[in-house]
Amino acid sequence: MINGSLFRDAVISAANNVANHRQAIDELNVFPVPDGDTGTNMSATMASAGRELALMSDDSTVTQVASKTSSAMLRGARGNSGVILSLIFRGIAKGVKGMDTIETRDLIVALSYGVESAYKAVMKPTEGTILTVVRLAARAGAQYASEHKEADLAEVWEQVCIGADEALQTTPELLPVLKKAGVIDAGGKGLLYAFEGMLSVFKDGKIILDETAEPSKADKASSKKGKYQYMVSFKIQKNAGADSTGLIALMESSGKDVAVHEKKTKLSAFSLTNDPGKIISEGTKLGSMIEINVVNIWEEPEKAQNIVKMESEETESKSSEGFVPAEPVNEVGFVAVAAGEGLAEMFKEIGVDIVVSGGQTMNPSTEDILNAVEATPAKTVFVLPNNKNIIMAAEQAEPLASRKVIVLPTKTVPQGISAMLNFDPDAQIEDNHLAMTKAIDSVGTAQVTFAARDSQMDGLQIKEGQILGMANGAIKAVEDDVITAAFKVTKLLCTKRTEMITIFYGEGTNEEEAEKLSSMISEKFSSVDVSVINGGQPVYHFIISVE
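My aim in this report is to walk through the structure given alongside it, one point at a time.

### Structural notes on the overall build of the chain
Here's step 1: Within the chain, the secondary structure is distributed over 21 helices and 16 strands.
Here's step 2: Radius of gyration (C-alpha) of the chain: 24 Å, near the 24 Å computed for a compact globule of 547 residues.
Here's step 3: Sorting the 547 residues of the chain into buried and exposed places 54% on the buried side.
Here's step 4: Here the contacts in the chain between residues at least 6 apart in sequence split such that 72% fall between residues at least 24 apart.
Here's step 5: For the chain, the centre of its 52 positive side-chain charges and the centre of its 74 negative side-chain charges are spaced 2 Å apart.

### Here's the deal with the packing of helix H6 (residues 104-121) against helix H7 (residues 130-147)
Here's step 1: At a closest axis distance of 9 Å, the pairing of H6 and H7 adopts a crossing angle of 160°. The angle between H6 and H7 places the two elements in the roughly antiparallel class. Where H6 crosses over H7, the handedness of that crossing is left-handed. The residues of H7 that touch H6, namely those facing Ile108, Leu111, Val115, Ala118 and Tyr119, are Leu131, Thr132, Val134, Arg135, Ala138, Gly141 and Ala142.
Here's step 2: Here the contact of H6 with H7 is composed, by residue class, of nine nonpolar, two polar and one charged.

### So, the pattern of salt bridges
Here's step 1: The final tally for this structure, using the stated rule, is 13 salt bridges.
Here's step 2: The residue Lys379 makes a salt bridge to Glu331 at a minimum N-O spacing of 3.0 Å. With Lys379 in strand E7 (residues 378-384) and Glu331 in strand E5 (residues 330-338), this pair connects stretches of sequence that are 48 residues apart.
Here's step 3: When salt bridges with common partners are traced through the structure, they connect Arg8, Asp9 and Asp58 into a single cluster.

### Describing unusual backbone geometry
Here's step 1: Positive phi, close to 50°, is recorded for Asn472, a residue that is not glycine.
Here's step 2: Along the chain, Asn472 turns up in the loop between strand E12 (467-471) and strand E13 (474-479).
Here's step 3: One non-glycine residue with positive phi stands out, namely Val539, at about 70°.
Here's step 4: Structurally, Val539 can be placed in the loop between strand E15 (529-534) and strand E16 (542-546).

### A closer look at the sheet that holds strand E14 (residues 500-505)
Here's step 1: Sheet architecture is open: six strands sit in the order E13-E12-E9-E16-E14-E15, paired in mixed fashion. Two strands bound the open sheet, and with one partner strand each, they are E13 and E15. On average, adjacent strands in this sheet sit at an angle of 20° to one another, irrespective of strand direction.
Here's step 2: In this sheet, E12 lies alongside strand E9 (residues 444-450) in antiparallel orientation, the contact comprising five bridges. Counted as the bridge partner of Phe450 is Ile467 from E12.

### Quick word on the nonpolar core
Here's step 1: One finds Phe7, Met46, Trp157 and Phe195 to be the most contacted residues of the largest nonpolar core, which totals 102 residues.
Here's step 2: Examining the composition of this core, we find that 10 residues originate from one element, helix H10 (residues 186-204), more than from any other.
Here's step 3: Aside from chain neighbours lying at most four places away, what touches Met46 is Val11, Ala14, Ala15, Val18, Met73, Leu85, Phe89 and Ala194.
Here's step 4: Counting residues in hydrophobic clusters, the runner-up holds 25 residues, among them Ile483, Leu517, Ile521 and Phe542.

### Side note on the packing of aromatic side chains
Here's step 1: Under the criterion given, the structure shown has four aromatic pairs.
Here's step 2: With 5.8 Å between their ring centres and 85° between their planes, Trp157 and Phe202 make a pair best called edge-to-face. Taken together, the residues Trp157 in helix H8 (residues 153-174) and Phe202 in helix H10 connect sequence positions 45 residues apart. In terms of burial, Trp157 and Phe202 fall into one category: buried.
Here's step 3: An aromatic cluster of at least three residues, connected via ring pairs, comprises Trp157, Phe195 and Phe202.

Criteria and thresholds
Residues numbered from 1 in each chain as written. Predicted model: local features only at pLDDT ≥ 70, side-chain atom pairs only at ≥ 80, totals over all residues. Heavy atoms only, no water. Helix = DSSP H or I, 4+ residues; strand = E, 2+ residues; numbered from the N terminus. Rg over C-alpha atoms; globule rule 2.2 N^0.38 Å. Buried < 20%, exposed > 50% of the residue type's maximum accessible area, 1.4 Å probe, protein only. Contact = heavy atoms within 4.5 Å. Lys, Arg positive; Asp, Glu negative; His and termini not counted. Charge placed at Lys NZ, Arg CZ, Asp CG, Glu CD. Axes fitted to C-alpha atoms, helices over the stretch in contact; angles between N-to-C directions. Parallel < 35°, antiparallel > 145°, perpendicular 65-115°, else oblique. Left-handed = near helix turned anticlockwise from the far one by under 90°. Nonpolar A, V, L, I, M, F, W, Y, C, P; charged D, E, K, R; others polar. Salt bridge = Lys/Arg side-chain N within 4 Å of Asp/Glu carboxyl O. Pairing = 2+ DSSP bridges. Core = buried A, V, L, I, M, F, W, Y, C linked by side-chain atoms within 4.5 Å. Phe/Tyr/Trp six-rings, centres within 6.5 Å; stacked < 30°, edge-to-face > 60°.

Encoded structure:
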């Protein structure tokens, strides 16, 4: 029999196990572009449930635990992998609804609901992904339970894990891109870690601990050392126009327990990391440091605990900050996701009510988008995710919102801008929906960034740190020079019908380089109108709109 406390502990263990292997999952990502990596997104999604479950009592029912898990993961879902993971647990919650305790068979049936929920949410399910892994894992568990009527929970769930692992090994055969890179699917691997975390509780009664968390008093007493050696916190007097997105992205990718609080002119940041110098250096780009604390938590645990306490108190005092719910007084409103002050200002200038800070390396959660929707004073809110890895998270906000939400499938910032410019305030909502959706396909997007890892894509040998030029999401140029890569991919997108090109320059480049690129494009395409705008975006040196 599975009671609420056992199921609660299993999910907490799953969340911790995914957190412990976050970096290993991230490293399985094939695409070399810096993005919201799978392990980071899955870990953040599961952590949202783990935090809430830790507060539930031992007398909670399975239904209560499953419902809390589903709700927390749905709101905390980040990226496509995180959304699919949340949908699997939403299906499980549906399968055990109304039950105080469950038997092994009930859990396996509930897992089949999770499979169904995940597949239904994906418009074009792709095999060789987390979908394949969860489907074959559920099948393995069901088959074993059917053939071994007396098998206990641990035995059956072990077969679920074996089935997931076996399915994982087949993913390179189902997805050629994985086979070329010589890796298995990252999302499927993350799911296996979650299932193995649950198995630890079902089999041995042991919750896998979060090894990435800061040292506890128990760690201090037993002289154990956590994964991260340093605790860094600092405060900055921000320069005018400073954008913290790049700093947050760096902190998220290189540490744990990231907390950043901002006001108009000041920023405070906190993180556990192994490279405090790199984070501080990135912070100095935003303005003047007015306070810095770096503590070796292996050597000074008491000092570290004091800083954690201070940070917790500061976080609690600022918890009310953020988007404020608004009455839906207008007929239509808009929410867009973008990183960079220049891009945010542009969206606001063309009619967007609220811009959610985020993008490639910082995928906002469903709750982030939901809060922005609720703060938009409109009866119908159009959401522009502007990133392919944010669309699913935005879609999950639809049933949670108190007003109508329409998610436009914008995969890039230029697509979002094009959609907004095609909104007609005098037209019906349905007509605007159609017109804005059509406008998405009328613009091409060139993006220039750097390779986050060594890779091989479509015959291109890519080394970490090289400059990548992408045309509509596909890597088309690998160069050592930013302007050369930008010019090459922009040329690929231009046709005889091209009328306008907009260059948004961001991190790693400047106005002078943007103007040089503009001159090169104008010389090549004399009839095209070229403009330059300071987008201020992190990660991408250039984002170029071709219309």
